[in-house]
Amino acid sequence: MDITKDEYMEKKAKPRHGQENTLKKTEIQKAVESSQTRRKIVQQVLFIMFRGAALINGLALAAIVFFMVKNGWMAINWEFLSQVPTDSMTKGGILPCIIGTIYLSLGAIAIALPVGVASAVYLNEYAEPGKLLRFIRLCINNLAGVPSVVFGLFGLAFFVIWMKMGVSILAGALTPYVLS
């Protein structure tokens, strides 16, 4: 079988079987490596920015704590911690605030903890998978994103004003119940 010079050159110019795939793989590998390199650079730049932001916040916190300790360490003594406020709350101590915080914390734990634990056990162990369970978990996740100040305002509006409980430990302890 005799072939002409043109046919021979044409045959030589065509890639052999599998050679096309090798060329394509090489190009793809180069593109992937380029993409990974770019991604690593962007990632490192963002990490540097986040570390810088964390450093700035840490320095600001340290400055605030230093200022408070420097200017307030002389005011903290046993009388300040153990006396009630006097003279329209401009003098005296903070004992009622400490006791109120303890009562409020214990009341919130007593009310919200059993309900929260029971809800978690039910949802994880007994609830049937389905649309209702997904909806409940979506609501829980959305509630977790609500700032606590919003819950405090809700407690003020609902328990203190609408239910006419007044400013009380019970109203304050019922507010975290809404979170659970």
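Before reading further, recall that the structure is shown in the block above.
Here we summarise the structure given alongside this text. As the structure is a prediction and not an experimental result, all values here were calculated from the model. (Residues numbered from 1 in each chain as written. Predicted model: local features only at pLDDT ≥ 70, side-chain atom pairs only at ≥ 80, totals over all residues. Heavy atoms only, no water.)

A positive phi angle is found at aspartate 87, which is not glycine, with a value near 55°. As for its position among the elements, aspartate 87 is in the loop between strand S1 (85-86) and strand S2 (91-92). (Helix = DSSP H or I, 4+ residues; strand = E, 2+ residues; numbered from the N terminus.)

Attention now goes to the packing of helix H4 (residues 95-126) against helix H7 (residues 169-179). The angle between the axes and the distance between the axes are what describe a pair of packed helices. In the contact formed by H4 and H7, the axes pass within 8 Å of each other and the chain directions differ by 40°. The angle between H4 and H7 places the two elements in the oblique class. Here H4 and H7 pass one another in a crossing that is right-handed. Between H4 and H7, the contacting residues are Gly100, Tyr103, Leu104, Gly107, Ala108, Ile111, Ala112 and Val115 on the first element and Ile169, Leu170, Gly172, Ala173, Leu174, Pro176 and Tyr177 on the second. Its residues assigned to classes, the contact of H4 with H7 comprises twelve nonpolar, three polar and no charged. (Axes fitted to C-alpha atoms, helices over the stretch in contact; angles between N-to-C directions. Parallel < 35°, antiparallel > 145°, perpendicular 65-115°, else oblique. Left-handed = near helix turned anticlockwise from the far one by under 90°. Contact = heavy atoms within 4.5 Å. Nonpolar A, V, L, I, M, F, W, Y, C, P; charged D, E, K, R; others polar.)

Let us look at the side chain of threonine 175. The residue threonine 175 is located in helix H7 in this model. Among the polar contacts listed, one links the side chain of threonine 175 to the backbone oxygen of alanine 171, at a separation of 2.9 Å. When near neighbours in sequence (up to four residues on either side) are disregarded, threonine 175 contacts Phe151, Gly152, Gly155 and Phe159. (Polar contact = N/O pair within 3.5 Å; in protein donor to acceptor, adjacent residues only side chain to side chain.)

We now examine the packing of aromatic side chains. A full pass over the atoms with the stated rule returns four aromatic pairs. With 6.3 Å between their ring centres and 80° between their planes, phenylalanine 154 and phenylalanine 159 make a pair best called edge-to-face. Residue classification places phenylalanine 154 among the partly exposed positions, given a relative accessible area of 35%. Summarising the aromatic geometry, the rings of phenylalanine 158 and tryptophan 162 are spaced 5.3 Å apart at their centres and angled 20° between planes, so their arrangement reads as stacked. Of this pair, phenylalanine 158 and tryptophan 162 are both found in helix H6 (residues 148-162), four residues apart, which corresponds to roughly one turn of the helix. Grouping aromatic residues by their ring pairs yields a cluster made of Phe154, Phe158, Phe159 and Trp162. (Phe/Tyr/Trp six-rings, centres within 6.5 Å; stacked < 30°, edge-to-face > 60°. Buried < 20%, exposed > 50% of the residue type's maximum accessible area, 1.4 Å probe, protein only.)

On to H6. Its 15 residues give H6 an end-to-end C-alpha distance of 20 Å, which sits within 8% of 21 Å, the value for a rise of 1.5 Å per residue. Turning to H6, its buried residues number three or more, namely Phe151, Gly155, Phe159 and Val160. At the exit of H6 stands lysine 164, carrying a positive phi of roughly 55°. (Expected span 1.5 Å × (residues − 1).)

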